Amino acid sequence: MTVETSPVRFDTKIAVLLREDLATWQRLNVTAFLVSGLSTRSPEVIGEPYRDADETEYLSMFRQPVLIFEGSGEVVTRAHSRAVERNTAVSVFTSELFGTGNDRDNRAAVRAVPREKLDPVGVGVYGSRNVVDKVVKGARMHP
């Protein structure tokens, strides 16, 4: 068996952009929700299942790193608009979702608001590197 040792370079990027004023628990929760949706639109982003030396199988995960950014509410709103305009794979988490407790109510909360009036606290995007870079322009890497 030959093991490939050269670095893997991706022409795509996965990024999550969070509003900078979120509490730590909110940042973690929003990130988990946002990335969960990206593979449903772009299944190629998921790698092969993992196995340990004892042949225990583990779930497949993203095949590439997820970059986490933060910015003001204005930066997140602008990134949301850019992602939609560029027709890239995008997931959204709005401030209203902190007040719901299930998937049905989450979807209803987003559905009730026109796109230009949404209050996104986070967006997840997947696409070509240059498109994702343009979407998150103005944000900074999460500390």
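Preceding block: the structure.
Summary of the structure given here.

## Considering the overall build of the protein
Regarding its fold elements, the protein presents 4 helices and 7 strands. Referenced to the eigenvectors of the C-alpha coordinate spread, the extents of the protein come out at roughly 55 × 35 × 30 Å. Taking all 143 residues of the protein together, 34% fall into the buried category. A sequence separation of at least 24 residues applies to 75% of the contacts in the protein between residues at least 6 apart. Surface accessibility of the protein: about 9000 Å² in total, with carbon and sulfur atoms responsible for 52%. Computed over 19 positive and 19 negative side-chain charges, the inter-centroid distance for the protein is 8 Å.

## Notes on a nonpolar patch on the surface
Taken together, the side chains of Tyr50, Tyr58 and Met61 make up a nonpolar region of the molecular surface, amounting to roughly 320 Å² of accessible area. Residue position: Met61 is located in the loop between strand S3 (57–58) and strand S4 (66–71).

## Focus on the packing of aromatic side chains
If you walk through the whole model with that rule in mind, you get 3 aromatic pairs. On the basis of an interplanar angle of 50 degrees and a centroid distance of 5.1 Å, the ring pair of Phe93 and Phe98 is categorised as tilted. Grouped by ring-pair contacts, the aromatic residues Trp25, Phe33, Phe93 and Phe98 constitute a single cluster.

Reading guide: rules and limits
- Residues numbered from 1 in each chain as written.
- Predicted model: local features only at pLDDT ≥ 70, side-chain atom pairs only at ≥ 80, totals over all residues.
- Heavy atoms only, no water.
- Helix = DSSP H or I, 4+ residues; strand = E, 2+ residues; numbered from the N terminus.
- Buried < 20%, exposed > 50% of the residue type's maximum accessible area, 1.4 Å probe, protein only.
- Contact = heavy atoms within 4.5 Å.
- Areas by Shrake-Rupley, 256 points an atom, 1.4 Å probe, with all protein chains shown as cover.
- Lys, Arg positive; Asp, Glu negative; His and termini not counted.
- Charge placed at Lys NZ, Arg CZ, Asp CG, Glu CD.
- Patch = residues over 30% accessible without salt bridge, like charges linked within 9 Å, V, L, I, M, F, W, Y side chains within 5 Å.
- Salt bridge = Lys/Arg side-chain N within 4 Å of Asp/Glu carboxyl O.
- Phe/Tyr/Trp six-rings, centres within 6.5 Å; stacked < 30°, edge-to-face > 60°.

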